[in-house]
Amino acid sequence: MAKMTLDELRKLREQSKSNINRRDTSENDIQIIVGTGTCGIAAGSKNVLNAFIDAVEAQKLEHITIRQTGCMGLCYVEPTVEVRVPGMPDTIYGKVDAAVAEKIVSEHILGKKLVEGHIFDRPAPDIMKN
Amino acid sequence: MHFRLCDYALDLVQNAVEAGAGLVVLKLVEDRTSFILGIEDNGCGMDEATRAKALDPFYTDGVKHATRKVGLGLPFVKQALDATDGSFLLDSKKGRGTILHCCFDLAHVDTPPIGDVATLVLQCMLLPGVFELQVLRSRTTEQGSSQYELSRRILQETLGDFCRGESLSMLRRFIRSQEDDLK
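Calculation rules
Residues numbered from 1 in each chain as written. Chains lettered and ligands numbered in written order. Predicted model: local features only at pLDDT ≥ 70, side-chain atom pairs only at ≥ 80, totals over all residues. Heavy atoms only, no water. Pairing = 2+ DSSP bridges. Helix = DSSP H or I, 4+ residues; strand = E, 2+ residues; numbered from the N terminus. Axes fitted to C-alpha atoms, helices over the stretch in contact; angles between N-to-C directions. Contact = heavy atoms within 4.5 Å. Buried area = accessible area lost by both parts, 1.4 Å probe. Salt bridge = Lys/Arg side-chain N within 4 Å of Asp/Glu carboxyl O. Polar contact = N/O pair within 3.5 Å; in protein donor to acceptor, adjacent residues only side chain to side chain. Parallel < 35°, antiparallel > 145°, perpendicular 65-115°, else oblique. Left-handed = near helix turned anticlockwise from the far one by under 90°. 1 Å grid on protein atoms, 1.4 Å probe; cavity = no way out; pocket = protein on both sides within 12 Å on 5 of 7 lines; lining within 4 Å. Points joined across faces, edges and corners; volume = space filled by probe spheres on them. Nonpolar A, V, L, I, M, F, W, Y, C, P; charged D, E, K, R; others polar. Buried < 20%, exposed > 50% of the residue type's maximum accessible area, 1.4 Å probe, protein only.

Moving on, we come to the sheet that holds strand β4 (residues 91–93) of chain A. Residues and elements named next belong to chain A. Pairing in this open sheet of 4 strands is mixed, and the strands run β2-β1-β3-β4 from one edge to the other. The open sheet terminates on both sides in strands that have one partner only, identified here as β2 (64–69) and β4. Taken over all neighbouring pairs, the strand axes of this sheet differ in orientation by 20° on average, direction set aside. Two strands pair when backbone bridges link them, and strand β1 (residues 30–35) and strand β3 (residues 81–84) are joined in this way by 4 bridges, in the antiparallel orientation.

What follows is the structure in structure tokens.
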């Protein structure tokens, strides 16, 4: 890949604003939050982050925010990801890899259906207290 | 021990941001025999007693994670450096900030591989909070030296909220192009 300058990046940004025909996700507040505490890092959260960017890019979804956070208290099922879609329960997925990330985008975000086998909800209350 | 050197770096940059730093400087200097990871921040810093305890994996300030009893970022990197003949320097002043300097010996058989620097830089840029991150990256090989510098503030001015869909893709593409261009 040729080295991109800041001017080229600006032009690309402007071009994309006017040219790209984006898929309408009908909601503007979809959030994907990847856990990148020490546990998440060790378990491969960076591959998960890249997989989400790839999937969002492939589906041309603009109204999605991908963020990072620290440990969610579920170190035993890292990498963990919280997904917030309006009209659906906030969901924490665990043991997420690139394939699961793709499924979360296609099934949870686009299909409005939870991805079975990876739902871990929130940390148990005893963990939160201690 | 983490799988890649970049994994240590992300943990430590996160520490700097969470220390309330307005400015974080990340230096990634690579040559044929060593990889230097330098992180400087102007966050809350530590007094001498806290600085000494920061290397204990069972110490945490109890502020960042009220329910946690461990703090592994610094102990992990110190352990890896001790095991691979690297060097470690941690200088901190309370209220002024912290300087961390780690030099990994790439020739040591147990030193983990460097890893994906482009994704490391992307992840550091995406950390939550209002802060400036300056990345100074260089590599020296038989073909010569090359480097690039990035500023989180300038990239945000260019792309807007780069946590959002397409801006994020462009940011990743931009950072990868800088990294791919190194000799």
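Picking up where we left off.
Before going further, it helps to spend a moment on the interface of chain B and chain A. Between chain B and chain A, the contact holds 42 residues from the first and 41 residues from the second. Of the roughly 3700 Å² buried between chain B and chain A, counting both surfaces, carbon and sulfur atoms make up 54%. Together, B:Arg164, B:Glu166 and B:Arg172 form the three largest contributors to the area buried by chain B at its contact with chain A, with a combined 16%. At the surface where chain B touches chain A, the tally comes to 4 salt bridges. The shortest N-O distance in the salt bridge between B:Asp7 and A:Lys46 comes to 3.0 Å. Connecting chain B to chain A are 13 residue pairs in polar contact (both at pLDDT 80 or more). Those elements that provide at least two residues to the side of chain B that touches chain A are α1 (5–18), α3 (73–83), α4 (117–125), β6 (144–151), α5 (152–159) and α6 (165–180) of chain B. Looking at which element gives the most residues to the side of chain B that touches chain A, the answer is α6(B), with 13 residues.

Mapped onto the secondary structure, B:Cys163 falls in the loop between α5 and α6. Not counting residues up to four positions away in its chain, the partners in contact with B:Cys163 are A:Ile64, A:Thr65, A:Ile66, A:Arg67, B:Leu126 and B:Leu168.

For the rest of this paragraph, the subject is the packing of helix α3 (residues 45–58) of chain A against α6(B). Two elements in contact, α3(A) and α6(B), have axes whose closest approach is 9 Å; the angle formed by their N-to-C orientations is 120°. In terms of orientation, α3(A) lies oblique with respect to α6(B). Relative to α6(B), α3(A) is oriented so that their crossing is left-handed. Here A:Asn50, A:Ile53, A:Asp54, A:Val56 and A:Glu57 of α3(A) come into contact with α6(B), specifically with B:Gly165, B:Leu168, B:Ser169, B:Arg172 and B:Arg176.

Moving on to empty space enclosed by the protein. One way to see where empty space is left: roll a probe the size of a water molecule over the atoms. In total, this model carries 1 cavity of 30 Å³ or more according to the counting rule given. What the largest cavity holds in volume is close to 30 Å³. What lines the largest cavity is simply A:Ile41, A:Gly44, A:Ser45, A:Lys46, B:Asp7, B:Leu10 and B:Gln123. Sorting the residues of the lining of the largest cavity by element identifies α3 of chain A together with α1 of chain B as the ones contributing at least two each. Among the residues making up the lining of the largest cavity, the classes are represented as 2 nonpolar, 3 polar and 2 charged.

Right, let's get into the pairing of β1(A). On any regular strand, side chains alternate: one points to one face of the sheet, the next to the other face. Residues and elements named next belong to chain A. Extensive coverage of β1 is indicated by the burial of 5 of its 6 residues. Across 6 bridges, β1 lies against β2 in parallel orientation. Paired with Gly 35 across the bridge in β2 is Thr 69.

The next point concerns the pairing of strand β2 (residues 34–41) of chain B. Residue and element names in this part refer to chain B. Counting buried residues in β2 gives 6 out of 8 residues, a clear majority hidden from the surface. Bridging between strand β1 (residues 23–30) and β2 involves 7 bridges; their strand directions are antiparallel. The residue of β2 that forms the bridge with Lys 27 is Gly 38. Connecting β1 to the next strand, β2, in antiparallel fashion are 3 residues. Across 8 bridges, β2 lies against strand β4 (residues 97–105) in antiparallel orientation. In the strand pairing of β4, Phe 35 is matched with Phe 104.

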